[in-house]
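Observations on the model geometry
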Amino acid sequence: MEEYRQAIILGCVALYMVMCIWVGLWAMRRTKSAGDFFVAGRGLGPVVVSLAVFSSTLSGFGFVGGPGLVYATGLSSIWMAVCSALGYATGFYLISKRIRMVAEVRDTMSLPDVVFARYGSETARLLTAGTILLGVLGYLATQILAMALVLQSVLSATEVLADISLLACVLLSSAVLIFYCVTGGIIASVYTDLVQGIVMIVSGALVVMTAATVFDGGLAEVSQILLEKDGESIMPFGTLGTMASLSWFFLFGLGLAGQPHVATKMMMNRNLSDNRVILPMTIFGYAIAAMLWISVGVVMRALVLGDVAMPLGAPDEAAPAFLSTYAHPLLAGIVFAGLFAAIMSTADGFLNIGAAAIIHDIPKAIRGRSLDNELFWARIATVGLSVLSAGFALYSYYGSNALVAILGAFGWGTFAAALVPVVLIGLNWKQASARAAIVAISSSLVINLSIQLFSITIPYAISPGFLAMLTSMILFIGVSLMEKPKQLPKDIDRIMDL
């Protein structure tokens, strides 16, 4: 079967691309309103929601960026992967019920709608929408770059397309993405999540078993090689050190509750009681799939340090190189297809919340109502965001040599720093004020953007997102305590009492 490896991989990827087109056309027939496009009519079952939540969190960030980050820095990024399970528990226990109830009583379609319902401030709604747009650019660029890198790895292994450029792969990936997202909206995303979530769970477990058999001595030999050649990389905090790892721990542990693509999916379940099923299923699926993140990165680092494999051209090549060389051809094909599915559905989710910010939230905050014919303009905004994010992905890769995982961490940090205080604390504390929400979001954006624009180096490799999140949380609590508590609307007050 080895002689047909590339044919099998290409066949699986091509089959998936055809499926994307079919799902987009099928979902288009079910997408009749802006509510269908943005929140799937709030009528999804628990299995679909749970698979959509965990798979949209991993996606290209975890399946490409994660192994690349482990290859580059050792076990430092394990603090991202492991503590995200804690983030699911925090988010579902503290905010999922309230977000769903606010969506029901106020007919909300986006997280900025929820923020406005809680604080009654159009400025807070506008800043939340602006934050989502900035974070979407970083996160969506992550998905497009990851998809292009994987596609380039697959196509360049063929004789005909051996010299295909990353630019061509970005254009091809973006074209399929735009068609899929414009036609189907969030409905296409969540039903693809159902399939690709199962694929990620199964393939994650199989890839870990494959990684354990690359060396005759299994993972024990991998550990021995790393201890001898680069002992620091296999220590609990990896090569980046304690402060960097712990800053990722808090950023990803608390930060998941501030991710708008996750919060938006909390509005989609049919019944509130479904959360009892959604949470354990989400954590189980994530835990199995996330093992790929660590195992592939560690094994590829050991292969290179042990002189078994040539050094990679870039850390983000770790997962594609492993799958193309060491995995069974059929498994490699399924994982590559599942990886494209993960990236595509996550990108769709980000395009969805970004388009909602442009045509629904920002106009509402500025002129008191959203655009007319929202469904049409949502599709136009989706195309524009796709093109802009593809350009940002290419600039980041060629201009600043940013890794997929670092781009993803920037997007995650932007969301977490601005929205964790406003959403996680604000939906559980009645004294939280609108002015505090405005100060928290504004300060986090200033910190995050200043560090990125001026290339500020933070001591001990502490994550900029963690620094911004810590500052915004302190300001949010401090400003709220200094203000006189205001009476909440009766419906929101009752929801807060639950």
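Residues numbered from 1 in each chain as written. Predicted model: local features only at pLDDT ≥ 70, side-chain atom pairs only at ≥ 80, totals over all residues. Heavy atoms only, no water.

This part is about the overall build of the chain. Of the regular secondary structure elements, the chain holds 18 helices and zero strands. Computed over C-alpha atoms, the radius of gyration of the chain comes to 22 Å, within 12% of the 23 Å expected from 2.2 N^0.38 for 498 residues, which places it in the range of a compact globule. On the principal axes, the C-alpha backbone points of the chain span a range of 70 × 50 × 40 Å. When each of the 498 residues of the chain is scored for burial, the buried share is 62%. Here the analysis covers contacts within the chain between residues at least 6 apart in sequence; of these, 85% occur between residues at least 24 apart. Accessible surface, the chain as shown: approximately 18600 Å² in total, 68% of it carbon and sulfur. Distance from the positive charge centre (26 side chains) to the negative charge centre (27 side chains) of the chain: 17 Å. (Helix = DSSP H or I, 4+ residues; strand = E, 2+ residues; numbered from the N terminus. Rg over C-alpha atoms; globule rule 2.2 N^0.38 Å. Buried < 20%, exposed > 50% of the residue type's maximum accessible area, 1.4 Å probe, protein only. Contact = heavy atoms within 4.5 Å. Areas by Shrake-Rupley, 256 points an atom, 1.4 Å probe, with all protein chains shown as cover. Lys, Arg positive; Asp, Glu negative; His and termini not counted. Charge placed at Lys NZ, Arg CZ, Asp CG, Glu CD.)

What follows deals with the packing of helix α4 (residues 78-106) against helix α18 (residues 490-497). For the pair α4 and α18, interaxial distance at closest approach is 10 Å and the crossing angle is 160°. When the interaxial angle is binned, α4 and α18 end up roughly antiparallel. When the axes of α4 and α18 are compared, the crossing they make is right-handed. Residues R98, M101, V102, V105 and R106 of α4 pack against D491, I492, I495 and M496 of α18. A per-class count over the contact of α4 with α18 returns six nonpolar, no polar and three charged. (Axes fitted to C-alpha atoms, helices over the stretch in contact; angles between N-to-C directions. Parallel < 35°, antiparallel > 145°, perpendicular 65-115°, else oblique. Left-handed = near helix turned anticlockwise from the far one by under 90°. Nonpolar A, V, L, I, M, F, W, Y, C, P; charged D, E, K, R; others polar.)

One broad trend across soluble globular proteins is that nonpolar side chains are buried collectively. In terms of nonpolar packing, the biggest core is built from 154 residues, with F54, I99 and M300 touching the most fellow members. Looking at this core, the element that brings in the most residues is helix α6 (residues 122-155), giving 18 residues. Ignoring any residue separated from it by four or fewer positions in sequence, one finds I99 in contact with V114, A263, M266, M267, V423 and L427. (Core = buried A, V, L, I, M, F, W, Y, C linked by side-chain atoms within 4.5 Å.)

Once that is clear, we can look at α6. Its 34 residues place the ends of α6 48 Å apart at the C-alpha level, agreeing with the 50 Å of an ideal helix rising 1.5 Å per residue. At V136, α6 is deflected by roughly 25°, the largest bend along its length. Of all 34 residues in α6, 26 are buried, a share of seventy percent or more. At the N-terminal end of α6, a side-chain oxygen is found 3.3 Å from the backbone nitrogen of T123, two or three residues along, and the residue is S121. (Expected span 1.5 Å × (residues − 1). Bend = angle between axes of the 7 residues up to and from the residue. Polar contact = N/O pair within 3.5 Å; in protein donor to acceptor, adjacent residues only side chain to side chain.)

Here we take up the packing of helix α11 (residues 275-305) against helix α12 (residues 318-325). Contact geometry of α11 with α12 gives a least axis separation of 9 Å together with a crossing angle of 80°. Taken as axis vectors, α11 and α12 run roughly perpendicular relative to one another. Between α11 and α12, the contacting residues are V296, V299 and M300 on the first element and A318, A319, A321 and F322 on the second.

Judged by side-chain polarity, L134, L449, L453, F454 and I456 come together as a nonpolar surface patch covering roughly 490 Å² of accessible area. When you line up the elements, F454 lands in the loop between α16 (434-453) and α17 (464-482). For F454, a relative accessible area of 62% puts it in the exposed group. (Patch = residues over 30% accessible without salt bridge, like charges linked within 9 Å, V, L, I, M, F, W, Y side chains within 5 Å. Salt bridge = Lys/Arg side-chain N within 4 Å of Asp/Glu carboxyl O.)

Let's shift gears to the pattern of salt bridges. Using the criterion set out here, one finds nine salt bridges in the structure. One salt bridge in this structure joins E104 and R100, with 2.9 Å as the shortest N-O distance. Here the residue E104 and the residue R100 both occupy positions in helix α4, the gap between them amounting to four residues, near one helical turn. With relative accessibility at 52%, the residue E104 sits in the exposed group. Between R125 and D113 there is a salt bridge; the shortest N-O distance is 2.6 Å. Of this pair, R125 sits in helix α6 while D113 sits in helix α5 (residues 111-119), and the two are twelve residues apart along the sequence. According to the relative accessible area criterion, R125 is buried, its value standing at 4%. Salt bridges here are not isolated pairs; linked through shared partners, they connect D113, E122 and R125.

Looking now at the confidence of the model for the chain. Interpreting fine coordinate detail is not advised for predicted regions of low pLDDT. On average, the chain scores 83 in pLDDT, and the residues at 70 or more come to 90%. When mean pLDDT is taken per element in the chain, α17 scores highest with 95 and helix α2 (residues 34-39) scores lowest with 57. (pLDDT = per-residue confidence, 0-100.)

Counted under the stated rule, the structure contains seven aromatic pairs. Ring centres 5.2 Å apart and planes at 10° place the aromatic pair W79 and F237 in the stacked group. You can see W79 sitting in helix α4 and its partner F237 sitting in the loop between α8 (218-230) and α9 (242-255), a full 158 residues away along the chain. For F237, a relative accessible area of 24% translates into the label partly exposed. Summarising the aromatic geometry, the rings of F250 and F466 are spaced 6.2 Å apart at their centres and angled 35° between planes, so their arrangement reads as tilted. Taken together, the residues span a long stretch of sequence, with F250 in helix α9 and F466 in helix α17 at a distance of 216 residues. Clustering of aromatic rings is evident, with ring pairs tying together W79, F237, F249, F250 and F466. (Phe/Tyr/Trp six-rings, centres within 6.5 Å; stacked < 30°, edge-to-face > 60°.)

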